[in-house]
Protein chains: 2
Amino acid sequence: MMNSTKIKLYDLAASEDDRRPSPYCWRARLALLHKGLAFETMPWRFTEKETIAFSGQGRVPVIIDGEQVVYDSWAIAQYLEEKYPEYPSLFGGEVGKSLSRFVTNWVEVLLVPEIVRMIITDIYAHIHEKDKEYFRTTREKFFGATLEAIPHDRDQRVITFRQSLTPLRKTLQQQPFLSGETPAWADYVVFSTFQWSRSVSPFPLLETNDPVFSWRDRLLDAFDGEARKVLAYQS
Amino acid sequence: MMNSTKIKLYDLAASEDDRRPSPYCWRARLALLHKGLAFETMPWRFTEKETIAFSGQGRVPVIIDGEQVVYDSWAIAQYLEEKYPEYPSLFGGEVGKSLSRFVTNWVEVLLVPEIVRMIITDIYAHIHEKDKEYFRTTREKFFGATLEAIPHDRDQRVITFRQSLTPLRKTLQQQPFLSGETPAWADYVVFSTFQWSRSVSPFPLLETNDPVFSWRDRLLDAFDGEARKVLAYQS
């Protein structure tokens with residue numbers, strides 16, 4: 001570890017501290033693990049805006065590395081890549097970084113909005129009591145529906161969702177990870193989305209015979225099973 | 001140019017030799033241009049299977065580089081990258097190559113099948129007379145419909161198609177090319193799909209105020225406007 005003091009990662013926590021249901025925080029956490037940097041996670045809840053006010057904004061992940069404060073998972077990945085170039089690369093160079101951005105956008109546009117519709121009541125069930133009113137109000141306003149109404153069609157929706165993973169599935173039939181023989185940022189971005197879901201929801205997004213399922217399993221085993229150790233469902 | 005004899009590229013031609021309507025051949029052609037290698041294209045038609053029988057299969061692109069015969073656009077890109085490593089890289093390393101494969105799969109799964117439905121009668125109108133029966137028979141069997149019936153809903157279909165480009169669009173709002181500051185394989189794969197369409201069809205897949213349109217324009221200008229020089233529509 002070349003970082004002498006541990007990096008602090010402000011990480012969204014559920015009602016239990018050990019359940020960490022933010023896809024963006026998982027990205028940052030896996031980036032830190034990939035770089036092999038010493039860090040500790042600070043459980044944080046939606047309503048604790050003042051706790052991270054020092055970052056000049058109100059969302060996690062936020063990291064503190066010595067004097068440096070960085071927020072936003074993509075900014076954190078770039079920061080770590082530039083600050084610690086001698087550690088394993090998250091992007092594998094400029095083309096890899098640029099295409100990682102495309103993968104990140106693909107996840108943002110296709111995966112996150114679809115998954116949130118399917119698991120939103122499961123998220124609600126697991127967030128801290130003091131976050132519930134905030135969560136319900138903001139999300140019901142966004143979707144124009146009650147939380148409970150949003151996932152009513154998820155059994156149909158998941159079929160289309162699985163089909164939308166075809167480009168990922170094809171790639172994982174050709175190589176073990178999205179980034180090649182070993183995982184890197186693009187893998188973590190996609191994986192974090194599934195990790196978010198299994199953190200709070202028993203609903204199976206993937207079928208067990210799907211190459212995407214096997215790939216997710218390999219990432220659950222990565223870094224001494226760090227993503228498997230936290231509280232989550234076997235979904 | 002380090003290749004002393006010109007590489008030969010067997011390239012699908014339309015009824016006119018100068019109209020080159022294959023997305024896969026454009027990928028190979030742009031890869032050769034990117035590497036700065038000397039090459040000549042050999043116009044080829046669907047029914048001329050015997051002309052490329054030496055390759056052990058019946059589809060283009062096929063390249064001959066000295067003693068070496070390579071077919072399939074992805075195999076050609078890999079071959080050129082390995083054979084000419086001192087020339088500009090198509091992938092920018094292993095992560096870039098692996099993620100380029102994801103982009104290639106994204107194009108195969110999302111773009112190609114959608115575009116073919118919208119422009120199939122335009123393709124038919126432009127292919128060589130001797131290819132028409134072969135094309136009609138194989139495609140009508142595949143789609144289970146007459147050629148003329150397939151694109152009937154393209155005015156609606158193109159709206160969904162443009163929406164499906166959102167991950168690409170977002171990326172091109174963040175950086176000039178999919179591969180970063182300069183184009184590389186992933187750009188050529190996506191571009192070739194649009195080049196295929198404009199080679200034969202006046203139907204506008206993109207709106208002129210779309211960042212994807214501007215990016216396509218930059219690639220039409222690349223390599224001294226090589227892709228702009230061929231016979232095509234202003235679509």
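Owing to the predicted nature of the structure, the values given are computational and were not obtained by experimental measurement. (Residues numbered from 1 in each chain as written. Chains lettered and ligands numbered in written order. Predicted model: local features only at pLDDT ≥ 70, side-chain atom pairs only at ≥ 80, totals over all residues. Heavy atoms only, no water.)

### Things to note about the domain arrangement of chain A
All names here are of chain A.
Right, on to step 1. Under the domain assignment, chain A is made up of domain 1 (7–83) and domain 2 (94–229).
Right, on to step 2. Of note, the centres of domain 1 and domain 2, computed from C-alpha atoms alone, are 19 Å apart.
Right, on to step 3. Taken together, the 26 residues of domain 1 in the interface contact 30 residues of domain 2.
Right, on to step 4. Contact with domain 2 buries area across many residues of domain 1, yet Arg27, Phe46 and Trp74 alone supply 29% of it, more than any other trio.
Right, on to step 5. Residue Arg29 is joined to Glu226 by a salt bridge in which the shortest nitrogen-to-oxygen separation is 3.8 Å. (Domains from an automatic or database assignment. Contact = heavy atoms within 4.5 Å. Buried area = accessible area lost by both parts, 1.4 Å probe. Salt bridge = Lys/Arg side-chain N within 4 Å of Asp/Glu carboxyl O.)

### Some words on the pairing of strand E1 (residues 7–12) of chain A
Residues and elements named next belong to chain A.
Right, on to step 1. Counting buried positions along E1 yields 5 of 6 residues, so the element is predominantly enclosed.
Right, on to step 2. In this sheet, strand E2 (residues 39–44) lies alongside E1 in parallel orientation, the contact comprising 6 bridges. Bridge assignment links Leu9 to a residue of E2, and that residue is Thr41.
Right, on to step 3. Of the pairings in the sheet, the one linking E1 to strand E3 (residues 62–65) comprises 3 bridges and is antiparallel in character. Among the inter-strand pairings, Lys8 is bridged to a residue of E3, identified as Ile64. (Buried < 20%, exposed > 50% of the residue type's maximum accessible area, 1.4 Å probe, protein only. Helix = DSSP H or I, 4+ residues; strand = E, 2+ residues; numbered from the N terminus. Pairing = 2+ DSSP bridges.)

### Some details on unusual backbone geometry
All names here are of chain A.
Right, on to step 1. With an omega of 5°, the peptide bond between Val60 and Pro61 qualifies as cis.
Right, on to step 2. Tracing the backbone shows Pro61 in the loop between E2 and E3.
Right, on to step 3. Positive phi outside glycine occurs at Asp72, with the angle close to 85°.
Right, on to step 4. Structurally, the position occupied by Asp72 is in the loop between strand E4 (68–71) and helix H2 (73–83).

### Observations concerning the relation of the copies chain A and chain B
Right, on to step 1. Mapping chain A onto chain B calls for a rotation angle of 180° and an axial translation of 0.0 Å; the resulting RMSD is 0.0 Å. Such values leave the two copies arranged in the relation of a two-fold axis. Taking the C-alpha atom as reference, chain A places Gly96 of chain A closest to the rotation axis, 2.0 Å from it. (Least-squares fit on C-alpha atoms with pLDDT ≥ 70 in both.)

### Details of the nonpolar core
Right, on to step 1. Counting residues in hydrophobic clusters, the biggest one holds 153 residues, and the most contacted among them are Leu80 and Phe194 of chain A together with Leu80 and Phe194 of chain B.
Right, on to step 2. Residues contacting Phe194 of chain A, with those up to four places away along its chain left out, are Leu111, Phe161, Leu165, Leu205, Leu206, Val212, Trp215 and Arg216 of chain A. (Core = buried A, V, L, I, M, F, W, Y, C linked by side-chain atoms within 4.5 Å.)

### Focus: the pairing of strand E4 (residues 68–71) of chain B
Right, on to step 1. Two elements, strand E3 (residues 62–65) of chain B and E4 of chain B, share 4 bridges in a ladder whose sense is antiparallel. Of the residues in E4 of chain B, the one forming a bridge with Asp65 of chain B is Gln68 of chain B.

### Description of the side chain of His34 of chain A
All names here are of chain A.
Right, on to step 1. Tracing the sequence through the fold places His34 in helix H1 (residues 23–35).
Right, on to step 2. His34 gets classed as buried once you look at its relative accessible area, which sits at 12%.
Right, on to step 3. Side-chain polar atoms of His34 contact the backbone oxygen of Ser89, separated by 2.7 Å.
Right, on to step 4. For His34, the contacting residues outside a window of four places in its chain are Pro88, Ser89, Leu90, Pro183, Ala184, Tyr188 and Phe223. (Polar contact = N/O pair within 3.5 Å; in protein donor to acceptor, adjacent residues only side chain to side chain.)

### A look at the sheet that holds strand E2 (residues 39–44) of chain B
Residue and element names in this part refer to chain B.
Right, on to step 1. The mixed open sheet is built from 4 strands, whose spatial order is E2-E1-E3-E4. The sheet is open, and its two borders are formed by E2 and E4, each paired with just one other strand. With strand direction ignored, the average angle separating the axes of adjacent strands in the sheet is 20°.
Right, on to step 2. The strands touched by helix H1 (residues 23–35) within the sheet are strand E1 (7–12) and E2, with E1 carrying the most contacts at an inclination of about 150°.
Right, on to step 3. Together, E1, E3 and E4 form the strand contacts of helix H2 (residues 73–83), whose direction differs from that of E4 by roughly 140°. (Axes fitted to C-alpha atoms, helices over the stretch in contact; angles between N-to-C directions.)

### Focus: the confidence of the model for chain A
Right, on to step 1. Mean pLDDT over chain A works out to 96, with 99% of the residues at or above the 70 mark.
Right, on to step 2. Taken over the whole predicted complex, pTM reads 0.96, whereas the ipTM for its chain interfaces reads 0.95. (pLDDT = per-residue confidence, 0-100.)

### Thoughts on the pattern of salt bridges
Residues and elements named next belong to chain A.
Right, on to step 1. Inspection of the entire model under this criterion finds 40 salt bridges over all chains.
Right, on to step 2. Asp65 is the partner of Lys83 in a salt bridge, and the nearest nitrogen-oxygen pair spans 3.5 Å. With a gap of 18 residues between them, Lys83 in helix H2 and Asp65 in strand E3 connect regions that are remote in the sequence.
Right, on to step 3. Asp65 sits in the buried class, given a relative accessible area of 6%.
Right, on to step 4. Two residues, Asp210 and Arg169, come together in a salt bridge whose shortest N-O distance is 2.8 Å. Taken together, the residues span a long stretch of sequence, with Asp210 in the loop between helix H7 (185–200) and helix H8 (211–229) and Arg169 in helix H6 (residues 166–174) at a distance of 41 residues.
Right, on to step 5. Residue classification places Arg169 among the buried residues on the basis of a relative accessible area of 17%.

### Describing the packing of H2 of chain B against helix H3 (residues 94–126) of chain B
All names here are of chain B.
Right, on to step 1. H3 packs onto H2 with a crossing angle of 160° between their chain directions and a minimal axis gap of 12 Å. With respect to H3, the axis of H2 lies roughly antiparallel. The interaxial crossing formed by H2 with H3 has right-handed handedness. Contacts between H2 and H3 pair Trp74, Gln78 and Glu82 from the former with Lys97, Ser100, Arg101 and Thr104 from the latter. (Parallel < 35°, antiparallel > 145°, perpendicular 65-115°, else oblique. Left-handed = near helix turned anticlockwise from the far one by under 90°.)

### Describing the sheet that holds E2 of chain A
Strand pairing in a sheet relies on backbone hydrogen bonds, with the paired strands running either antiparallel or parallel.
Residue and element names in this part refer to chain A.
Right, on to step 1. If you trace the 4 strands from one edge of the open sheet to the other, you get E2-E1-E3-E4, paired in mixed fashion. Strands with a single pairing partner mark the edges of an open sheet, and in this sheet they are E2 and E4. Across the sheet, the mean angle from the axis of one strand to that of its neighbour is 20°, orientation sign disregarded.
Right, on to step 2. Sheet contacts for H1: E1 and E2; angle to E1, the most-contacted strand, approximately 150°.
Right, on to step 3. H2 contacts E1, E3 and E4 of the sheet and is inclined by roughly 140° relative to E4.

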